[in-house]
Amino acid sequence: MARGVVFRGLGPATLAATGVLALLVAAGQALVLGGAPAAPLAYFLPWILTAGIAAALILAEAVTRSRRIHSDLADDLIRAAIEQFLPVAAAGALIGLVLARVAPETLWLLPGLWQVLVGLGVFGAARLLPRGLALAGAWYVLAGLATLALGASTEALSPWLMGVPFGAGQLLVAAILQFAPGETDAG
């Protein structure tokens with residue numbers, strides 16, 4: 001039954017905060033690195049931590065908001081949403097581990113690949129999410145492809161090629177949720 005209900009556990013303010021966080025991490029990395037090539041660990045560790053913080057914030061709000069809005073269906077809806085994104089997250093982590101192990105010179109591909117995977121995760125969860133979020137899925141896929149194209153010219157790990165697409169994507173998700181019909185706490 002939960003699979004036929006639109007999941008309204010995602011809150012615009014938290015998603016906007018994760019977008020701002022991504023932009024702040026990109027700015028911080030750009031300042032610290034000062035244009036120098038980043039060692040993979042120094043580049044990816046802040047992003048992995050940022051993703052973990054963002055996921056924890058989103059999950060915490062999804063649980064409390066969903067229980068308030070969906071009451072009896074909340075746990076089933078949260079489980080269904082996690083089931084849609086877990087394979088994408090696992091694939092992203094495994095791709096990163098494989099590239100780091102067998103082809104570290106290709107790690108510059110990860111930001112774009114991760115963006116494409118997030119877009120595919122959004123599309124995969126589309127039946128659970130408000131309809132307008134398909135636009136965010138398209139953003140992430142197109143941003144990921146653009147990141148791959150732009151990154152290919154330098155093959156360097158750019159804070160901006162990670163932060164701007166994720167920051168803008170999360171802000172787009174927040175805006176869609178804020179203005180989507182029926183997306184209020186009462187709705």
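Now for a look at the structure at hand. Numbers given for residues are sequential positions, taken from 1 along each chain in its written order. With the structure being a predicted model, the display of local features is reserved for residues of pLDDT at least 70 and the display and counting of side-chain atom pairs for 80 or more, all residues being used for whole-chain, interface and lining totals. Side-chain descriptors were evaluated using all non-hydrogen atoms of the structure, hydrogens and water having been removed beforehand.

Turning next to the overall build of the protein chain. The number of helices and strands found in the protein chain is 6 helices and 0 strands. Each helix and strand of the protein chain, placed in order from N terminus to C terminus, yields the pattern α-α-α-α-α-α. Think of it in three bands: residues with accessible area under 20% of the maximum for their type are buried, residues over 50% are exposed, and the middle band is partly exposed, with areas taken using a 1.4 Å probe on protein chains only. For the protein chain, with 187 residues in total, the buried portion stands at 43%. Here, two residues are considered to be in contact whenever any of their heavy atoms come within 4.5 Å of each other. Across the protein chain, the fraction of contacts at a sequence separation of at least 24, relative to all contacts at a separation of at least 6, is 80%. All accessible-area figures derive from a Shrake-Rupley calculation using a 1.4 Å probe, and residue coverage is judged against the displayed protein chains alone. When the accessible surface of the protein chain is split by element, carbon and sulfur atoms take 74% of a total near 9600 Å². Under the scheme used here, helices are H or I runs from DSSP no shorter than 4 residues and strands are E runs no shorter than 2 residues, and both carry numbers assigned from the N terminus.

Okay, the environment of alanine 62 next. By the secondary structure assignment, alanine 62 is in helix α2 (residues 40-70). Alanine 62 gets classed as buried once you look at its relative accessible area, which sits at 6%. The spacing of alanine 62 and leucine 10 is 52 residues in sequence and 5.4 Å in space, taken between C-alpha atoms.

Moving on: the nonpolar core. Working definition of a nonpolar core: buried Ala, Val, Leu, Ile, Met, Phe, Trp, Tyr and Cys residues. They are joined through side-chain atoms within 4.5 Å. The biggest cluster of nonpolar side chains holds 19 residues, and the ones touching the most others in it are Tyr43, Phe44, Trp47, Leu110, Trp114, Met162 and Phe166. Sorting the residues of this core by element identifies α1 (12-33), α2, α3 (74-102), α4 (110-124) and α6 (159-179) as the ones contributing at least two each. If we ignore the near neighbours within four places in the chain, the residues touching leucine 110 are Phe44, Ile95, Gly96 and Leu99. The next biggest cluster of nonpolar side chains, apart from the first, holds 10 residues, and it includes Leu10, Leu15, Ala136 and Leu177.

Working note: α-helix, 3.6 residues per turn, so residues spaced by three or four point in the same direction. A helix is expected to reach a length of 1.5 Å times the quantity of its residues less one. If you check α1, its first and last C-alpha atoms are 31 Å apart, about what 22 residues at 1.5 Å a residue would give, namely 32 Å. For α1, the set of buried residues is Pro12, Thr14, Leu15, Thr18, Gly19, Ala22, Val25, Ala26, Gln29 and Leu33. Note on α1: the residue one or two positions beyond its end, glycine 34, has a positive phi of about 55°.

A word on a nonpolar patch on the surface. Like-charged residues within 9 Å of one another, or nonpolar side chains (Val, Leu, Ile, Met, Phe, Trp, Tyr) within 5 Å, are grouped into patches, provided each residue has over 30% relative accessible area and no salt bridge. What makes a salt bridge here is a side-chain nitrogen of Lys or Arg within 4 Å of a carboxyl oxygen of Asp or Glu, nothing more. On the surface, Val20, Leu24 and Leu171 cluster together into a nonpolar patch covering about 250 Å² of accessible area. Tracing the backbone shows leucine 171 in helix α6.

The analysis is restricted to geometry; functional conclusions fall outside its scope.
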